[in-house]
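Commentary on secondary and tertiary structure
Chain residues, written in single-letter form:
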Amino acid sequence: MKKLLLSFIGLVIIGLVGIFILKTGNCGMLQQQIPFELKGTVYYATGTELICFTFKTFPKMEIIKKGWVFGTLFSKKRQKMINLKNFRNLHMGLLSLSPDEDKVAFYSMKNKLGVIYLKEGKVEILAEDCKYAQPVWISNNELLYSKAVWKPTNEERDEYITIDGPIIKININTKQKIELGYKGIWLGALSPNKQYVICTRNSSSWESCAIYLLHVPDMKLTKFARCPGLIITCFIWSPDGKYFIFKKSRHPLISLLHGAFDIQDLYVYSLEHKKAYCLIENTSLFDGFWLEECIELEDYIV
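Below is a short write-up of the structure. (Residues numbered from 1 in each chain as written. Predicted model: local features only at pLDDT ≥ 70, side-chain atom pairs only at ≥ 80, totals over all residues. Heavy atoms only, no water.)

1. Description of the nonpolar core
Let me state the cut-off plainly: Working definition of a nonpolar core: buried Ala, Val, Leu, Ile, Met, Phe, Trp, Tyr and Cys residues. They are joined through side-chain atoms within 4.5 Å. With a 1.4 Å probe rolled over the protein chains alone, any residue whose accessible area is under 20% of its type maximum counts as buried; one over 50% counts as exposed, and the rest are partly exposed. Helix numbers and strand numbers start at the N terminus; a helix is a DSSP run of H or I with at least 4 residues, a strand a run of E with at least 2. Every residue pair with non-hydrogen atoms within 4.5 Å of one another is taken to be in contact.
Judged by nonpolar contacts, the single largest core of 17 residues is most densely connected at Tyr44, Val268 and Trp290. Those elements that provide at least two residues to this core are β1 (41–45), β2 (49–54), β19 (243–249), β20 (264–270) and β21 (275–280). It is β21 that contributes the most residues to this core, three residues altogether. Apart from the residues lying within four places of it in its own chain, the contact partners of tyrosine 44 are Glu49, Leu50, Ile51, Phe53, Met61, Leu266, Ile280, Thr283, Ser284, Leu285, Asp287 and Gly288. If you look at the next biggest cluster of nonpolar residues, it comprises 16 residues, including Cys209, Cys227, Phe246 and Tyr267.

So, in structure tokens, the structure goes:
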């Protein structure tokens, strides 16, 4: 009888904790109505599909492509989606398109940071100390990336792990590197007005996760919004720079209560309202873009 009572009390406690996390663990906005009008069309890759939705008809969605979608970089001046299928041998990930839309930065295996020059079809490796994290252009000639720091775990067997290093600014012409600091900060995406880079600090502590803005002219970092979570990634700015979409993992307990290891949701953040609202539940996001109008996508094959 005593064991049964203790088991019942344990279940009640878990239930109460679950309810608390549901209310507060997802920025406190899960399933809450968005109190403002969103415009335009979002295209995003889940890893197995390219999905499109227009806010006028949301939550109706359309699958544009099935199968693995290799990057979703959209060139406005070409009005086409950049297709890098001829460079797959580089084992690229975490792509970033330069402001002039003529260069693509990428992370490659073994901590390499590279650039593809689209007009010339040329590839250049800029650094070999890049952490597996998003590189971001801040001008046509300058990139930010997260430096990988190697920490030995067994010197005799030459074993090591990479830990969070500082943010590095590199000039692709001179190859000059400037260490900015900000260890543990993960880069996201450059704002449409080219003034800010959205960033995050992911943490093993649920309450420590937050969103930051890096001011490009003076490279000063400001904590912008507290957003409890473990992983916040994949930022997509709206064309007018008033909103951005991001992916966030739910609390592990909530995922387990739903019978999954990791459940992810898409949120939209309003700079005016200073709040995040759940947009799409239980989905994934690798990368994507947000356009003013819905268009029929064509590929620009490099």
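2. Focus: the pattern of salt bridges
Inclusion rule: Take a side-chain nitrogen of Lys or Arg and a carboxyl oxygen of Asp or Glu: if they are within 4 Å of each other, that pair is a salt bridge.
Evaluation of the coordinates by the stated rule reveals eight salt bridges. For lysine 119, the salt bridge goes to aspartate 102, with nearest N and O atoms at 3.5 Å. Separated by 17 residues along the polypeptide, lysine 119 in the loop between β8 (112–117) and β9 (122–127) and aspartate 102 in the loop between β6 (92–97) and β7 (103–108) bring together distant segments of the chain. One salt bridge in this structure joins glutamate 142 and lysine 169, with 3.9 Å as the shortest N-O distance. With glutamate 142 in strand β11 (residues 142–154) and lysine 169 in strand β12 (residues 159–171), the pair connects residues that are 27 residues apart, well separated along the chain. On the basis of relative accessibility, which here comes to 24%, the residue glutamate 142 falls in the partly exposed class. We classify lysine 169 as buried; its relative accessible area is 18%.

3. Side note on the side chain of threonine 41
Our working definition: Polar contact is the term for a pair of N or O atoms within 3.5 Å; when the atoms are in protein, one must be able to donate a hydrogen and the other to accept it, and sequence-neighboring residues count only if both atoms are side-chain atoms.
Residue placement: threonine 41 occurs in strand β1. Polar contacts involving the side chain of threonine 41 include one to the main-chain amide nitrogen of cysteine 294, which spans 3.3 Å. Once you skip the residues sitting within four places of it in the chain, threonine 41 turns out to touch Cys52, Phe53, Thr54, Phe289, Trp290, Leu291, Glu293 and Cys294.

4. Topic: the packing of aromatic side chains
Spelled out, the test is: Only Phe, Tyr and Trp rings take part, Trp by its six-membered ring, and two of them pair if their centres are within 6.5 Å. Stacked means planes under 30 degrees apart, edge-to-face means over 60, and tilted covers everything else. Either the NZ atom of lysine or the CZ atom of arginine qualifies as a charge over a ring when it sits within 6 Å of the ring centre and within 35 degrees of the ring normal.
Evaluated as defined, the whole model comprises 17 aromatic pairs. Both rings, one in phenylalanine 36 and one in tyrosine 243, keep their centres 5.1 Å apart while their planes meet at 20°; by these two values the pair is stacked. Pair noted here: phenylalanine 36 is in the loop between α1 (2–24) and β1 and tyrosine 243 is in strand β19, with a separation of 207 residues, a long-range link. Taken together through their ring pairs, the aromatic side chains of Phe224, Phe235, Trp237, Phe244, Phe246, Tyr267 and Tyr269 make up a single cluster. Sitting above the plane of the tryptophan 137 ring, lysine 103 keeps its charged end 5.8 Å from the centroid. The ring centre of tyrosine 117 lies 4.7 Å from the NZ or CZ of lysine 122, which sits over that ring.

5. Brief notes about the sheet that holds strand β18 (residues 232–237)
Heads up, the rule is: Strands were regarded as paired on the criterion that DSSP finds at least two bridges between them. To obtain each axis, a line is fitted to C-alpha atoms, and for helices this fit is confined to the stretch in contact; angles are then taken between N-to-C directions over 0 to 180 degrees.
Reading across the sheet, the four strands line up as β18-β19-β20-β21 and stay open at both edges, with antiparallel pairing between neighbours. Among the strands making up the open sheet, the edge pair consists of β18 and β21. Here the average twist between neighbouring strands, direction ignored, is 30°. In this sheet, β20 lies alongside β19 in antiparallel orientation, the contact comprising seven bridges. Following the sheet pairing, tyrosine 243 is matched in β20 by serine 270.

6. A look at the sheet that holds β6
An order of β6-β7-β8-β9 is seen for the four strands of this open sheet, with the pairing classed as antiparallel. One side of each edge strand has no neighbouring strand; the edge strands of this open sheet are β6 and β9. Pairs of neighbouring strands in the sheet enclose a mean axial angle of 25°, with direction left out of account. Sheet topology places β8 next to β9; five bridges connect them, and they run antiparallel. For valine 115, the partnering residue across the bridge sits in β9 and is glutamate 124.

7. Some words on the pairing of strand β15 (residues 196–201)
Here is the key point about a regular strand: its side chains alternate between the two faces of the sheet. As defined by bridge partners, strand β14 (residues 186–190) adjoins β15 across four bridges and the pair is classed as antiparallel. Following the sheet pairing, leucine 187 is matched in β15 by cysteine 199. Where β14 hands over to β15, the hairpin turn is made up of five residues, of which lysine 194 adopts a positive phi near 65°. Examined bridge by bridge, β15 and strand β16 (residues 210–215) share six bridges and lie antiparallel to one another. Its bridge partner being in β16, valine 197 is matched across the sheet by leucine 214.

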